[in-house]
Amino acid sequence: MKSGFVSFVGRPNAGKSTLLNRIVGHKLAIVSDKPQTTRTRVLGVKNYEEGQVVFVDTPGVHRPTHRMNVRMVDVALEAMREVDVLALVVDASVKAGPGDRFLVARLKDLKTPVVLVLNKVDLIAKNRLLPLIESYRRAHAFVEIVPASAADGTNVEVLETLFLKYLPEGVPLYPADYVTDQPERFMIGEILREQVLQLTHDELPFSTAVLVDRIEAPDESGTVRLYCTILVDRESQKPIVVGRAGSMIKAIGTAARVEIERYLETRIYLDLHVKVTSEWRDNDRLLDELGVQNRQR
Ligand SMILES: Nc1nc2c(ncn2[C@@H]2O[C@H](COP(=O)(O)OP(=O)(O)O)[C@@H](O)[C@H]2O)c(=O)[nH]1
Ligand SMILES: [Mg+2]
């Protein structure tokens, strides 16, 4: 039997979280078209006839401007070490930049086999693929280079087969019914954050966080009451989240409630507040509270 860790690394927005969700078949990591959506390491386990793969999704590697981002990049770079297989996920539909070269350069010191995933091939013309493969082949000795689409599933099964191929022999690391290490409280906050990101579109910078303040035990009717706070960075961002006469916060609450009810498999009552906490991205205590990991120990 095969068993071990496969880490997804890459720049923000490459499609790492989309790939994790598609492979594991659960929405473990939230996805958005804004960069830096994934702030922590997310683990997803999948069992195959040939063995067990523990997938590790990471924040994108980028130039950090806040303590939060320093933590995020640390987590991502740490995830490149001490795993069995690395999958470097690249957005093939955009031109490679300094960030991509930085990442490829980091691979040089590693002995880990690296599979290059040229993601989002659904967006590019076929004739652009070969030159792209050629340029990456020259940049690093990837064990495999696979054009894929996490969005439509192209070559995702091929990828899974390859990951298993490069994993060592071993016994399963997690029980067969184990899916993720994400605690319930964290998942609830993430579902809410995803709705904030999606519904406020480009109006709100991605500097939003969600604190799940309290989860009550179910009442007689089985309804679970949840109390959550949406943190924004500036006073001027509050009206964007609240909306005219509260219309936006209502829409966020309604959409999130449907998803959280599906996730918890119970009826919920969602109590939402918006709070301005300036500089929260540089506040270590809040970052701990929010579960943005510090350097892995
Ligand atoms: N067209 C297309 N879009 C994708 C694909 N994979 C991811 N996306 C989109 O790219 C954006 C970023 O995806 P996400 O998984 O959050 O990227 P991450 O930052 O690397 O985790 C989202 O809007 C996804 O829906 C793909 O294969 N094709
Ligand atoms: Mg992500």
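This report concerns the structure included in the present document. This is a predicted model, so every value here is computed, not measured.

Tallying secondary structure elements over the protein gives 9 helices and 9 strands in all. Here the C-alpha atoms of the protein give a radius of gyration of 20 Å, agreeing with the 19 Å that 2.2 N^0.38 yields for 297 residues. In terms of overall dimensions, the protein has a C-alpha envelope of 55 × 40 × 40 Å along the principal axes. Across the 297 residues that make up the protein, the buried fraction comes to 53%. Within the protein, residue pairs in contact and separated by at least 24 positions form 71% of the contacts whose partners lie at least 6 positions apart. For the protein, the accessible surface area stands at approximately 14600 Å², while carbon and sulfur atoms represent 51% of it.

What follows concerns the sheet that holds strand β4 (residues 85–91). Whenever strands of a sheet pair, they do so through backbone hydrogen bonds, lying parallel or antiparallel. Here 6 strands make up an open sheet; going across it, the order is β2-β3-β1-β4-β5-β6 and the pairing mixed. In the strand order of this sheet, the two ends are held by β2 (42–48) and β6 (144–147), each with one partner. Mean inter-strand twist for the sheet, computed between neighbouring axes without regard to direction, equals 20°. Pairing of β2 with strand β3 (residues 51–57) involves 7 bridges; the strand directions are antiparallel. Paired with Y48 across the bridge in β3 is G51. Its contacts with the sheet put helix α5 (residues 156–166) on β1 (2–10), β2, β3, β4, β5 (114–119) and β6, and the angle it makes with β6 is roughly 165°.

Around ligand 1 lies a shell of 18 residues, among which N13, G15, K16, T18 and D122 are the nearest. One of the side-chain N or O atoms of D122 is found 2.8 Å from a nitrogen atom in ligand 1. A150 is positioned such that a nitrogen or oxygen atom in its backbone is 3.0 Å from an oxygen atom of ligand 1. When ligand 1 is considered free in solution it has 580 Å² of accessible area, and contact with the protein chains removes 85% of it. For the shell around ligand 1, the element with the most residues is helix α1 (residues 16–24), which contributes 3 residues. In terms of residue class, the shell around ligand 1 is made up of 6 nonpolar, 8 polar and 4 charged.

Procedures and definitions
- Residues numbered from 1 in each chain as written.
- Chains lettered and ligands numbered in written order.
- Predicted model: local features only at pLDDT ≥ 70, side-chain atom pairs only at ≥ 80, totals over all residues.
- Heavy atoms only, no water.
- Helix = DSSP H or I, 4+ residues; strand = E, 2+ residues; numbered from the N terminus.
- Rg over C-alpha atoms; globule rule 2.2 N^0.38 Å.
- Buried < 20%, exposed > 50% of the residue type's maximum accessible area, 1.4 Å probe, protein only.
- Contact = heavy atoms within 4.5 Å.
- Areas by Shrake-Rupley, 256 points an atom, 1.4 Å probe, with all protein chains shown as cover.
- Pairing = 2+ DSSP bridges.
- Axes fitted to C-alpha atoms, helices over the stretch in contact; angles between N-to-C directions.
- Near = heavy atom within 4 Å.
- Polar contact = N/O pair within 3.5 Å; in protein donor to acceptor, adjacent residues only side chain to side chain.
- Nonpolar A, V, L, I, M, F, W, Y, C, P; charged D, E, K, R; others polar.

By themselves, these observations are geometric and do not establish any function.
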